Amino acid sequence: MSEPMNRLVTTPAAVGDSASNVASAAEPSAVFSVTDLNVFYGDFHAVKDVGVDVKEHEITAFIGPSGCGKSTVLRCFNRMNDLIETARVEGSVRYHGVDLYGNDVDPVQVRRHIGMVFQKPNPFPKSIYDNIAFGPRIAGFKGNMDDLVESSLDRAALWDEVKDILNQSAFALSGGQQQRLCIARAIATSPDVLLMDEPASALDPIATLRIEELMHELKSDYTIIIVTHNMQQAARVSDRTAFFNVSLNEKGQRTGHLVEFDETGTIFTNPAETATEDYITGRFG
Amino acid sequence: MDTRDTGSIGTGNVVHRHHDETRHHFSEILDEIRNGMVEMGSLVVENARRASVALVENRLEMVQGIIDGDKEVNQRYAELERLTFETLARQQPVAKDLRFLVSSTRILYELERTGDLVVNIAYIVNDLHGLPASAQLRSLVERMAAASCDLFATAITALGDLDEVVGRRLDADDDVVDELVEAFYEQIGKEREVIGLEAGIALNRLGRFWERIGDHAVNIGENTVYIVTAEFPGDTHLALRDED
């Protein structure tokens, strides 16, 4: 059994360490390789023929109009679509070369490696401290929990604001602080990848910029994929951008597909596809 | 659960990171552009001083080095223009950041043009095969070149420090260059019989090139003032100013 497969199936420790060692200095290695990805919800063909490579220690942004399938594709990276009964995923999603949908892959272990941050901050109804300590405790963490809580909150640029109120409820925090708490919670279990589904759309502009700055800091340790409606956010924060669009299939269903995937600078200064240019310049449809 | 699961969680020691500024990454890009322009300007000044030496000492072997030096200037121009362009597209700059980026595109042009003028001066070294023997002419060439190089170096300093006061002062300082150029033209006129037509034309162009370098320095200073204050000196846009 290969090393990453081994980890996904039994021991999810230290993925970032061994995986990053094989990365070449010039071109970052692919954390995910997606080919011919199709997602169905029952009869509904939600996403058609998507192929992308997600590079290590980069921020990859998925943009596009509502219904374009960007969130659906994001949820394939940690098998969140498994939680939807009618969902069916076809094609290949490889994580460090391992088929994420392989028979012996445990989706719970997948989610340990590939953390997720959601649109609406969703702290547990617990103290700030316990929000961070919860995941590591479940995982049987036996190290110094105080240090882990402190370093996780510091990595999420929240420590200075909460260090004196660690025992207060997480709900006492502002929306922006709650979202940074959720990021701290996600990184407390040392994931390899962070998936972010509209992580700033419920926040004010300054809190949004703080999250973006935090993402810049985090990418030295993690690989990040962000779905955002806010294409300016994708422009500001990401290294590569995938533009998804919607089209009607032969059954008259609105199916999402990938239009263009390139370096973010190229997408926002000289996109190859007219559809991309129309979308980013606001001349869409 | 396998205890090896927990091996990777936490590092033991808490090392605090610095989370100082909301848009730290954006500020770093702006610094990169500003530092890049200062480096580019320093290359131009260095090349201009070499051109001055080549001219006065009739060092023909230096000409190719000056031409090659300008290729590096052009390379930096292309890179920085691209970065500026991309930053405008990606970072939605406003206020001072917007003025800085838009002004950067103008300043990059001034720097690039000045680099070309230095190359033109180097070609004149080839054309002249040595300055005329006149001590007065030679002295004027040296002083004119030095004043122009100094003014340009001051403009680069003003830009690097975003120093509005120095930026504003350059226009007056440029009078020194203009006066030396005028005196140089007069001297060419006085010595025209000795110099001859061909050399006279070359020297005339030489004066023009050093004068233009001074003008580019003034423009860089005025753009610096604009970045800092949102107004050009004298409240008049560069393009609406009477050329003197």
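In every chain, residue numbers begin from 1 and rise along the written sequence. Following the order in which they are written, the chains are lettered starting with A and the ligands numbered starting with 1. The model is predicted, so local features are restricted to residues of pLDDT at least 70 and side-chain atom pairs to those at 80 or more, both for listing and for counting; the totals for chains, interfaces and linings are taken over all residues. Side-chain measures were taken over the full set of non-hydrogen atoms in the model, leaving aside hydrogen atoms and water.

In this description a helix means any DSSP run of H or I spanning at least four residues, a strand means any run of E spanning at least two, and both kinds are numbered starting from the N terminus. Regarding its fold elements, chain B presents seven helices and zero strands. In sequence order, the secondary structure elements of chain B are arranged as α-α-α-α-α-α-α. Seen through its C-alpha atoms, chain B measures out along the principal axes to roughly 100 × 45 × 25 Å. The 244 residues of chain B split such that 46% are buried. Residue pairs at least 24 apart in sequence account for 80% of intrachain contacts in chain B once pairs closer than 6 positions are excluded. For the area figures, the Shrake-Rupley method with a 1.4 Å probe applies, and any residue is considered shielded solely by the protein chains shown. With the model as given, the accessible surface of chain B reaches about 12,100 Å², and the carbon-plus-sulfur share is 50%. Only protein chains enter the accessibility calculation, which uses a 1.4 Å probe. A residue is then buried if its area is under 20% of the maximum for its type, exposed if over 50%, and partly exposed in between. Any two residues whose heavy atoms approach within 4.5 Å are treated as being in contact.

All names here are of chain B. Where helices are involved, their axes are fitted lines through C-alpha atoms of the stretch in contact, as for all axes, and angles between N-to-C directions lie from 0 to 180°. Two numbers describe how helix α1 (residues 24-56) lies on helix α2 (residues 63-91): the axes approach to 10 Å, and their chain directions differ by 160°. Here α1 is positioned roughly antiparallel relative to α2, judged by the angle of their axes. The handedness of the crossing between α1 and α2 is left-handed. For this scheme, ten residues count as nonpolar: Ala, Val, Leu, Ile, Met, Phe, Trp, Tyr, Cys and Pro. Four count as charged, namely Asp, Glu, Lys and Arg, and the remainder, Gly too, count as polar. In terms of residue class, the contact of α1 with α2 is made up of 14 nonpolar, eight polar and six charged. If an angle is under 35 degrees, it is roughly parallel; if it is over 145, roughly antiparallel; if it lies from 65 to 115, roughly perpendicular; otherwise it is oblique. Should the near helix be turned anticlockwise from the far one by less than a right angle, the crossing is left-handed, and should it be turned clockwise, the crossing is right-handed.

On to the packing of aromatic side chains, then. Residues and elements named next belong to chain A. The aromatic pairing rule takes the rings of Phe, Tyr and Trp, using the six-membered ring of Trp, and pairs them if the centres are within 6.5 Å, calling planes under 30 degrees apart stacked, those over 60 edge-to-face and the rest tilted. Considering all chains together, one arrives at seven aromatic pairs over all chains under this definition. On the basis of an interplanar angle of 25° and a centroid distance of 4.9 Å, the ring pair of Phe 243 and Tyr 279 is categorised as stacked. Here Phe 243 is found in strand β9 (residues 240-248), whereas its partner Tyr 279 is found in helix α12 (residues 274-280), with 36 residues between them in sequence. Of the two residues examined, Phe 243 and Tyr 279, each falls in the buried class. Of the aromatic side chains, those joined through ring pairs into one cluster are Phe 32, Phe 62, Phe 77, Tyr 95 and Phe 244.

To continue, consider the environment of Leu 195 of chain A. Residues and elements named next belong to chain A. Along the polypeptide, Leu 195 turns up in strand β7 (residues 193-197). Note: C-alpha distance between Leu 195 and Arg 94 (101 residues apart in sequence) is 16 Å. Residues contacting Leu 195, with those up to four places away along its chain left out, are Leu 74, Phe 77, Asn 78, Ile 114, Gly 115, Met 116, Val 117 and Ile 225.

Next up on the list: the sheet that holds strand β5 (residues 98-99) of chain A. Residues and elements named next belong to chain A. A sheet is described by the order of its strands in space; here 10 strands give the open sequence β5-β4-β1-β2-β10-β9-β3-β8-β7-β6, paired in mixed fashion. Taken across any chain shown, the strands that pair with only one partner, and hence form the sheet edges, are β5 and β6 (114-117). Against the sheet, helix α8 (residues 175-187) engages β6 and β7, with an angle of about 170° to β6. Most of the contacts of helix α9 (residues 205-218) go to strand β8 (residues 223-227), to which it runs at about 150°, and overall it touches β3 (59-63), β7 and β8. Here, a strand pair is defined by DSSP locating no fewer than two bridges between the strands.

Let us look at the nonpolar core. Generally speaking, soluble globular proteins have nonpolar side chains that are buried together. Counting residues in hydrophobic clusters, the biggest one holds 64 residues, and the most contacted among them are Met 37, Leu 55, Phe 152, Phe 184, Leu 203, Leu 206 and Trp 210 of chain B. Among all residues touching Met 37 of chain B, those that are not within four sequence positions of it are Leu 80, Phe 100, Ser 104, Ile 107, Leu 108, Leu 111 and Leu 159 of chain B. In terms of nonpolar packing, the next biggest core, distinct from the first, is built from 48 residues, Ile 132, Leu 181, Ile 187 and Met 231 of chain A among them. Throughout this description, the term nonpolar core refers to a set of buried Ala, Val, Leu, Ile, Met, Phe, Trp, Tyr and Cys residues connected via side-chain atoms within 4.5 Å.

Moving on, we get to unusual backbone geometry. At His 96 of chain A, a residue that is not glycine, the phi angle is positive and equals roughly 45°. If you trace the backbone, His 96 of chain A turns up in the loop between β4 (87-95) and β5.

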